[in-house]
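Below are the chains, spelled out letter by letter.
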Amino acid sequence: MAVLLVVAIAGGAFFIRRAQREQGAVALRNSILNSARQCCAIEGSYPKTVEHLEEHYGLIIDHDDYVVSYEHLADNIVPSVVVMPR
């Protein structure tokens, strides 16, 4: 009985952590897109790299926890952003 309880708690903790990481990925993607829109409003075009947003717009990305794919399509098109938890 005690073993089942430990397994249930460990399994629950795993799923909670996974859900938190997925929510973090969604929040990070939204932050990246908001920073890109702010950059476009100020500079007149979307940034070519996410590093530009980190350097000039205060965006903070935990690269140890998330993989970010940022694709600049054109100066006047919202970039494609995909964020995945590691």
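For the structure, check the block above.
Let us look at the structure shown here. (Residues numbered from 1 in each chain as written. Predicted model: local features only at pLDDT ≥ 70, side-chain atom pairs only at ≥ 80, totals over all residues. Heavy atoms only, no water.)

## Here's the deal with the overall build of the protein
How we decide: Segments assigned H or I by DSSP are reported as helices when at least four residues long, segments assigned E as strands when at least two residues long, and all are numbered from the N terminus. We compute the radius of gyration over the C-alpha atoms and compare it with the globule rule, which gives 2.2 Å times the number of residues raised to the power 0.38. Burial classes: relative accessible area under 20% of the type maximum marks a residue as buried, over 50% as exposed, and values in between as partly exposed (1.4 Å probe, protein chains only). The criterion used for residue contact is that any of the two residues' heavy atoms lie within 4.5 Å. We get accessible surface area from the Shrake-Rupley algorithm with a probe of 1.4 Å; when it comes to residues, only the shown protein chains can shield them. We count Lys and Arg on the positive side and Asp and Glu on the negative side, and we leave His and both chain ends out. One atom stands in for each charge, and that atom is NZ of Lys, CZ of Arg, CG of Asp or CD of Glu.
Broken down by element type, the protein carries two helices and two strands. Beginning at the N terminus, the succession of helices and strands in the protein can be written as α-α-β-β. The C-alpha atoms of the protein give 18 Å as radius of gyration, which overshoots the globular expectation for 86 residues (12 Å, by more than 25%). Each principal axis of the C-alpha distribution contributes one length, and for the protein these read about 65 × 20 × 15 Å. For the protein, the proportion of its 86 residues judged to be buried stands at 26%. Pairs at least 24 apart in sequence give 43% of the contacts found in the protein among residues at least 6 apart. If you sum the accessible surface of the protein, you get close to 5,900 Å²; carbon and sulfur atoms cover 59% of it. Across the protein, 7 positive and 10 negative side-chain charges occur, with their mean positions spaced 8 Å apart.

## Section: a nonpolar patch on the surface
How we decide: Patch rule: a residue counts if its relative accessible area is over 30% and it has no salt bridge; like charges are joined within 9 Å, and nonpolar side chains (Val, Leu, Ile, Met, Phe, Trp, Tyr) within 5 Å. Take a side-chain nitrogen of Lys or Arg and a carboxyl oxygen of Asp or Glu: if they are within 4 Å of each other, that pair is a salt bridge.
Residues Val67, Val82 and Met84 make up a contiguous nonpolar surface patch of roughly 240 Å² in combined accessible area. When you line up the elements, Met84 lands in strand β2 (residues 80-85).

## Some remarks on the nonpolar core
Counted only if it meets this: Note on terminology: a nonpolar core comprises buried Ala, Val, Leu, Ile, Met, Phe, Trp, Tyr and Cys residues joined through side-chain atoms within 4.5 Å.
Grouped together as the largest cluster of nonpolar side chains are 17 residues, with contacts concentrated most on Ile32, Val50, Leu53, Tyr70 and Val83. Looking at this core, the elements with two or more residues in it are α1 (2-43), α2 (50-56), β1 (66-71) and β2. Counting residues per element, this core draws most heavily on α1, at seven residues. Apart from the residues lying within four places of it in its own chain, the contact partners of Tyr70 are Ile32, Ala36, Pro47, Lys48, Thr49, Val50, Leu53, Pro79, Ser80 and Val81.

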